[in-house]
Amino acid sequence: QVQLQESGPGLVKPSQTLSLTCNVSGGSIVSGDYYWSWIRQHPGKGLEFLAYIYHSGSTYYNPSLQSRLFISIDTAKNQFFLNLNSLTAADTAVYYCVRADRWLRQFDYWGQGTLVTVSS
Amino acid sequence: QTVVTQEPSFSVSPGGTVTLTCALSSGSVSSSYYPSWYRQTPGQAPRPLIHSTNVRSSGVPDRFSGSILANKAALTITGAQSDDESDYYCALFMPSAIWVFGGGTKVTVL
């Protein structure tokens, strides 16, 4: 059973860069055809797709946030990462790391999510 | 800017049937958008329900079904139970190879 676990700072200051890590266990990040993704949810709001990466290194970003996002992967550590720069209060959200099936186009395994608050 | 629209809320009686829809601002939804559906209860991560328009995810009861109705993706709950009270989200896979989520529908069973 694949498990994903996010880690990162709970509180970051405006204008700083958020760095999140997703640790994947129960399966190799390079096996199978999966996209490793980040999705966020503002408090009381809906889901927002952010980005995904394939183990080959191919990346795709939400166009509205692309200039501030960077996703990367460390296959040796079975982890993937998200950086979001120039933070504002509007980036306060729960951030989920998620596995997506490349062919079924479904988000099939989700981390529990980590709340990130942007505040001075 | 692509917008995916869902009904904000629906109420259904226990045992009743409700159909949620997922519309695309730029045109019709078809199976080529690989519509998927997720349910989320407060404080929990979303869980997959349906993928590829109408394929139930593992362990999902058959009272949940997906389809394309009137150029929209649709999720139908037949024989609603109190446990079905949740927020439901659709997601569409765009030709640009990214996903866009709908705003979600809050379903109340009463």
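One can find the structure itself at the top, above this paragraph.
What counts, and at which threshold
- Sequence order sets the numbering: in each chain, residues are counted from 1 along the sequence as written.
- In the order they appear in the text, chains get letters beginning with A and ligands get numbers beginning with 1.
- In keeping with the model being predicted, local features are shown solely for residues with a pLDDT of at least 70 and side-chain atom pairs are shown and tallied solely at 80 or more, while totals for entire chains, interfaces and linings include all residues.
- Side-chain numbers here rest on the full set of heavy atoms in the structure, without hydrogens or water.
- Counting from the N terminus, the helices are the DSSP runs of H or I reaching at least four residues and the strands are the DSSP runs of E reaching at least two.
- The globule rule used for comparison is 2.2 Å times the number of residues to the exponent 0.38, while the radius of gyration itself is calculated over C-alpha atoms.
- Burial classification: accessible surface area is computed with a 1.4 Å probe over protein chains only, and a residue below 20% of its type maximum counts as buried, one above 50% as exposed, and the rest as partly exposed.
- Residues are treated as being in contact if the distance between any of their heavy atoms lies within 4.5 Å.
- Think of it this way: DSSP has to see at least two bridges between two strands before they count as a pair.
- Structural elements are reduced to axes, namely lines fitted to C-alpha atoms, with helices fitted over the stretch in contact, and the angle between N-to-C directions of any two is expressed from 0 to 180 degrees.
- The disulfide criterion is simple: two cysteine sulfur atoms within 2.5 Å.

A. Seen up close, the overall build of chain A. Looking only at helices and strands, chain A features zero helices and 11 strands. Scanning chain A from its N terminus toward the C terminus, one meets helices and strands in the order β-β-β-β-β-β-β-β-β-β-β. Computed over C-alpha atoms, the radius of gyration of chain A comes to 14 Å, within 12% of the 14 Å expected from 2.2 N^0.38 for 120 residues, which places it in the range of a compact globule. Projected onto its principal axes, the C-alpha positions of chain A cover 40 × 30 × 25 Å.

B. Spatial organisation of the environment of Ser86(A). Residue and element names in this part refer to chain A. With respect to the element layout, Ser86 can be found in the loop between β8 (79–84) and β9 (93–101). For Ser86, a relative accessible area of 42% puts it in the partly exposed group. The spacing of Ser86 and Gln16 is 70 residues in sequence and 5.6 Å in space, taken between C-alpha atoms. Apart from the residues within four sequence positions on either side, Ser86 is in contact with Ser15, Gln16, Arg68 and Asp91.

C. Up close: the sheet that holds strand β3 (residues 17–24) of chain B. All names here are of chain B. If you walk across this open sheet you meet the four strands as β1-β3-β8-β7, and the pairing is antiparallel. Edge positions in the sheet fall to β1 (4–6) and β7 (64–69), since each has one partner strand and no second. Between one strand and the next, the sheet's axes are offset by a mean angle of 20 degrees, whatever the strand orientation. In this sheet, strand β8 (residues 72–78) lies alongside β3 in antiparallel orientation, the contact comprising six bridges. Bridge pairing in β8 places Thr19 opposite Thr76.

D. Summary view of the state of the cysteines. Residue and element names in this part refer to chain A. A full pass over the atoms with the stated rule returns two disulfides over all chains. The side chain of Cys22 participates in a disulfide bridge whose partner is Cys97; the two sulfur atoms lie 2.1 Å from each other. Here the disulfide of Cys22 and Cys97 is right-handed, its torsion about the S-S bond being about 65 degrees. With Cys22 in strand β3 (residues 18–25) and Cys97 in strand β9, this pair connects stretches of sequence that are 75 residues apart. For the pair Cys22 and Cys97, one class covers both residues: buried.

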